[in-house]
Amino acid sequence: MAQASTREKVTASQAESEVEDQDFKPLTAQQAEEWRRRQLPLSVWRIVAIQALVGVLVTLLAWWLAGRAAVAWSVAYGALSVVLPAALFARGMARKRTSAGAAMAGLFGWELVKIALTVAMLAAAPRLVPGLSWLALLVGMVVTMKTYWVALLARPGVRRTD
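Residues numbered from 1 in each chain as written. Predicted model: local features only at pLDDT ≥ 70, side-chain atom pairs only at ≥ 80, totals over all residues. Heavy atoms only, no water.

### Here's the deal with the overall build of the protein chain
- Within the protein chain, the regular secondary structure consists of 7 helices and 0 strands.
- Here the protein chain, with 162 residues, has 25% of them falling under the buried criterion.
- Intrachain contacts of the protein chain at a sequence separation of at least 6 include 72% that bridge at least 24 residues.
- For the protein chain, the exposed surface amounts to about 12,000 Å²; the carbon and sulfur share of it is 66%. (Helix = DSSP H or I, 4+ residues; strand = E, 2+ residues; numbered from the N terminus. Buried < 20%, exposed > 50% of the residue type's maximum accessible area, 1.4 Å probe, protein only. Contact = heavy atoms within 4.5 Å. Areas by Shrake-Rupley, 256 points an atom, 1.4 Å probe, with all protein chains shown as cover.)

### Examining the nonpolar core
- With 9 residues, the main nonpolar core is built from Tyr77, Val82, Met121, Ala124, Ala125, Val129, Leu132, Leu137 and Met141.
- Only α4 (69–93), α5 (100–128) and α6 (134–145) provide two or more residues apiece to this core.
- If you tally residues by element for this core, the top one is α5, at 3 residues. (Core = buried A, V, L, I, M, F, W, Y, C linked by side-chain atoms within 4.5 Å.)

### As for the packing of helix α3 (residues 44–66) against α6
- In contact at an axis separation of 9 Å, α3 and α6 are set at 145° when each is read in the N-to-C sense. The crossing of α3 and α6 is right-handed. Listed contacts from α6 to Gln51, Val54, Gly55 and Val58 of α3 are Val143, Thr144 and Met145.
- Along the lines of polarity and charge, the residues of the contact of α3 with α6 split into 4 nonpolar, 3 polar and no charged. (Axes fitted to C-alpha atoms, helices over the stretch in contact; angles between N-to-C directions. Left-handed = near helix turned anticlockwise from the far one by under 90°. Nonpolar A, V, L, I, M, F, W, Y, C, P; charged D, E, K, R; others polar.)

### Details of a nonpolar patch on the surface
- Together, Leu135, Leu138, Val139, Val142, Val143 and Met145 line one region of the surface with nonpolar side chains, adding up to about 490 Å² of accessible area.
- Here Val143 lies in helix α6. (Patch = residues over 30% accessible without salt bridge, like charges linked within 9 Å, V, L, I, M, F, W, Y side chains within 5 Å. Salt bridge = Lys/Arg side-chain N within 4 Å of Asp/Glu carboxyl O.)

### Quick word on the packing of aromatic side chains
- Enumeration according to the criterion identifies 0 aromatic pairs in this entry.
- We note Lys114 situated over the ring of Phe89; from NZ or CZ to the ring centre the distance is 5.1 Å. (Phe/Tyr/Trp six-rings, centres within 6.5 Å; stacked < 30°, edge-to-face > 60°. Lys NZ or Arg CZ within 6 Å of the ring centre and 35° of its normal.)

### Details of the packing of α4 against α6
- Taken N-terminus to C-terminus, the directions of α4 and α6 make an angle of 40°; their axes are 7 Å apart at the nearest point. In terms of orientation, α4 lies oblique with respect to α6. Helix-helix and strand crossings are classified by hand; for α4 and α6 the assignment is right-handed. Mapping the contact onto sequence places Val71, Ser74, Val75, Tyr77, Gly78, Ala79, Ser81, Val82 and Val83 in α4 and Ala136, Leu137, Gly140, Met141, Thr144 and Met145 in α6.
- Residue composition of the contact of α4 with α6, by class: 10 nonpolar, 5 polar and no charged. (Parallel < 35°, antiparallel > 145°, perpendicular 65-115°, else oblique.)

Limitation: the analysis is restricted to geometry and does not speak to function.
Below, the structure is given as structure tokens:
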């Protein structure tokens, strides 16, 4: 019984794929060029700058709401522990690679550096931030990290396809 259900799902999935393939129309050279003109490149440095700006805004908001400098410093350090590794990652990935394999190795290598720096910054937080509030630090990190998605969704020229 379970095998028949699985086979039906696979068959249905293949049928959907075939329908999508029939609807697919490759772009002409002129259409492809027009598409490239409409798709503005998104600078990774712009995203890092927006993250830093959001980190500053969240820090000011936390200071205003809590009225305590320790909370504001915790939020700021949380934002910094996202922005600094992201900037290092962006710098490392900005180099031109000679092959796809080198690009993939660079991606994994710099992502590992980014994670290690973030963990090191979090481990150092209790010594560097007087009166550390872990909750405030986490808020600063999460809000700053979510800036990636907002920047990707809000960029000009992007349309929803659904």
